[in-house]
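# Observations on the three-dimensional arrangement
Residue-level listing of the chains:
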Amino acid sequence: MDALITLLPGDGIGPEVTAAAHRALKQVAEVYGHTFRFEVKLVGGAAIDETGSPLPPDTMASCMDSAAVFLGAVGGPKWSGPHAMVRPEKGLLELRAELGVYANLRPVKVMDELVDASPLKAGIIRGVDLVVVRELTGGIYFGKKTRDETVASDLCVYHTHEVERIVRVAARLASGRRNKVCSVDKANVLETSRLWRDVADRTLEREFPEIETETLLVDAAAMHLLSRPRDFDVIVTENMFGDILTDEASMLAGSMGMLPSASLGDSTRGLYEPIHGSAPDIAGLDVANPCAAIASAAMLLRHSLSLVEEADAVDAAIAAAIAAGARTADIARDGETPISTTEMTDRILAGLG
Ligand code: NAD
């Protein structure tokens, strides 16, 4: 396999965790005899500093030419003042839209060894294995925005076809898992959610009659995620609800540093990134957990390059390192000595091939 992969380290801990994912991909290429070519490009605050734009044309061109794109994280206080003219996050939203990656898959799997790393009770979270499928290119994040001295507005828009295609992604995913889809909306208040519910119900009923379906309002879903997380298989929801629910769900797995994501569209080219942000509070200290980034690299191998055996091997190497007691600070319990980002990466890669 010969593939071009664009790496977008971004800001804060982005470069540190991207370096870990890069090492994992290089080792996979070496062990399994593939040729991965890497282009490293600017995005987010780093790109604003250098070029004035959070997504320079050169970055976008490289992403469009690639088989897959890996992104660390963007953002930080330097670029986030209330009067900032251009924001790093704008680059990320544009990138997702340009790549046409409308389905963001966020798996949440609780490893037995980490049940005590979560602030939630072991009896509730043991065995959790769910995927949130978040709609990524529609809704309030992309709607028209207005602001004057005293009033601001964000428009939320959803089209039938956007709901249909994301529900199909969720249902197909569930077919290979436990056959359950839970659709989350706010249909008691929002018109976009009433459309979402009509279309989701119809699509699931007509096209996927074998799937067990459930519908929850987002406020109730936030509660059920904590009270009965094991019941969920695939959760499908709109852009903002998915953004919020997955940060909540990260606490099931113990830390934001454990959760990977894949953003997919109609082609095999995908965008892969840990769900966490740039974590300015720990940036540059070599303490960030690289597991989410390395697991995102495994998703890249699986979804964009169809290298299933290699992806399984990377996931197994992460699990083996955790099972052997390797812990970065975010998942270390009292009495456990945390190791650095670099050492955690070394320990994972030692188990790969
Ligand atoms: P964050 O995810 O950066 O951090 C939240 C908390 O989790 C922090 O305490 C951080 O130290 C910790 N954390 C995150 N990742 C970790 C890791 N790998 N290992 C150990 N601990 C980790 O969220 P935030 O602080 O709300 O946002 C910081 C910046 O990141 C903001 O500018 C925000 O806009 C941006 N952001 C970017 C993305 C992205 O690039 N996809 C996503 C979310 C937030």
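Bear in mind that the values here come from a model prediction, so they are computed numbers and not experimental data.

On to the packing of aromatic side chains, then. In total, this model carries 1 aromatic pair according to the counting rule given. Taking the centre distance of 5.6 Å and the plane angle of 75° together, the rings of Y158 and W196 count as edge-to-face. You can see Y158 sitting in the loop between β7 (152-154) and α6 (160-175) and its partner W196 sitting in helix α7 (residues 191-207), a full 38 residues away along the chain. Each member of the pair, Y158 as well as W196, is classed as buried.

Parsing the protein into structural domains produces domain 1 (1-107 + 256-353) and domain 2 (119-253). Contacts between the two partners involve 15 residues from domain 1, matched on the other side by 22 residues from domain 2. For the domain 1 and domain 2 pair, buried surface summed over both sides reaches about 1,600 Å², with 66% attributable to carbon and sulfur atoms. Taken together, domain 1 and domain 2 are joined by 0 salt bridges. In this structure, the connection of domain 1 to domain 2 is made through 4 residue pairs in polar contact (both at pLDDT 80 or more). For the side of domain 1 that touches domain 2, the elements supplying multiple residues, two or more each, are α4 (88-99) and β4 (103-109). Among the elements that make up the side of domain 1 that touches domain 2, the one with the highest residue count is β4 (5 residues). Within the side of domain 1 that touches domain 2, the residues separate by chemical class into 11 nonpolar, 2 polar and 2 charged.

All buried positions along helix α2 (residues 44-51) are accounted for by G44, G45, A47 and I48. Along the long axis of α2, the arc covered by the buried residues comes to 160°, so they all point the same way. Buried-residue contacts for α2 involve α4. A positive phi of about 90° marks G52, the residue just after α2.

Each value, and the rule that gives it
- Residues numbered from 1 in each chain as written.
- Predicted model: local features only at pLDDT ≥ 70, side-chain atom pairs only at ≥ 80, totals over all residues.
- Heavy atoms only, no water.
- Phe/Tyr/Trp six-rings, centres within 6.5 Å; stacked < 30°, edge-to-face > 60°.
- Helix = DSSP H or I, 4+ residues; strand = E, 2+ residues; numbered from the N terminus.
- Buried < 20%, exposed > 50% of the residue type's maximum accessible area, 1.4 Å probe, protein only.
- Domains from an automatic or database assignment.
- Contact = heavy atoms within 4.5 Å.
- Buried area = accessible area lost by both parts, 1.4 Å probe.
- Salt bridge = Lys/Arg side-chain N within 4 Å of Asp/Glu carboxyl O.
- Polar contact = N/O pair within 3.5 Å; in protein donor to acceptor, adjacent residues only side chain to side chain.
- Nonpolar A, V, L, I, M, F, W, Y, C, P; charged D, E, K, R; others polar.
- Arc of directions from axis to C-beta.

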